[in-house]
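Structural description and commentary
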Amino acid sequence: MAVFAHPDDEIGAAGTLALHARRGDRVLLVWLTRGELASHFGDLPPEEVARIREGHGAQVAALLGAEYRFLPFGDTLLTGGREEALALARLMAEFRPDAVITWDPLDVHPDHRATHQAVLSALKLCRIPKLVGEAHRKPVRLYHYPRRDLARPWVYVDTSPTQEVAEEVFRFYREFYRWPFTLEEFRLRRRLLGREAGVSFAEAFQTEAPPAWPALP
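Residues numbered from 1 in each chain as written. Predicted model: local features only at pLDDT ≥ 70, side-chain atom pairs only at ≥ 80, totals over all residues. Heavy atoms only, no water.

1. Section: the pairing of strand E2 (residues 28-31)
Residues Leu28 and Val30 of E2 are buried on one face, and the alternating residues Leu29 and Trp31, pointing to the opposite face, are buried as well. Summarising the sheet, strand E1 (residues 2-4) and E2 pair through three bridges and their orientation is parallel. Looking at the pairing, Phe4 lines up with Trp31 of E2. A crossover connection joins E1 to the parallel E2 through helix H1 (residues 14-22); in handedness this β-α-β unit is right-handed. Taken together, the four bridges between E2 and strand E3 (residues 67-70) define a ladder with parallel strand orientation. Bridge pairing in E3 links Leu28 to Glu67. One crossover worth recording links E2 to the parallel E3 by way of helix H2 (residues 46-64), and it is right-handed. (Buried < 20%, exposed > 50% of the residue type's maximum accessible area, 1.4 Å probe, protein only. Helix = DSSP H or I, 4+ residues; strand = E, 2+ residues; numbered from the N terminus. Pairing = 2+ DSSP bridges. Right-handed = clockwise from strand over helix to strand, strands pointing away.)

Shown next, in the form of structure tokens:
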């Protein structure tokens, strides 16, 4: 399960999500908002922007092989509070994830920080039957986008087999939004992470407690 604030936030996890879908895992991509205040759309009404960006989410989920949900919260209005956490907790109780990927807790965008906080709370609330019905009590690993200034273990995922899917997601958004950075710059970032992990391409996350290996890989 991957939880983000706006469509396009998922780019940093696209290869990992596609990798899980390709090996037969169920993957659920969740956005708390439709990103209706994005400045790229000029004076287009927020309702129309929301419709377009919801379509983007559906198309990207299809590229990744993922299911998807949009939650009905407002762009720039996320607080990380109980209402958002409870909506996520009910989804978690329904989907029963083994792992959740989300934003880091210190990102400059307040919606991104709030998303992280809502996920933290949801991981507790989804264990309470009086709130969610059939509770999800199985341990869930939490992974978030990495930051060099956070002293937490890094986990690298070898996304070489799904690099082409990640590039397709990037290309889709770049062509629509006319982003100034290039596909080669996108590849370079992923090559650099791959070099750190000893693979061709990688995505990286942080976690408080990485999985134990049975021996050195």
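On we go.
2. Concerning the nonpolar core
Counting 36 residues, the largest nonpolar core has Phe4, Leu17, Leu64, Ile101 and Tyr173 as its most contacted members. Elements represented by at least two residues in this core include exactly E1, H1, E2, H2, strand E6 (154-158), helix H6 (163-177) and helix H7 (183-197). If you tally residues by element for this core, the top one is H6, at seven residues. Those residues in contact with Tyr173, other than ones at most four positions away along the chain, are Pro7, Asp8, Glu10, Ile11, His56, Val60, Arg178 and Trp179. (Core = buried A, V, L, I, M, F, W, Y, C linked by side-chain atoms within 4.5 Å. Contact = heavy atoms within 4.5 Å.)

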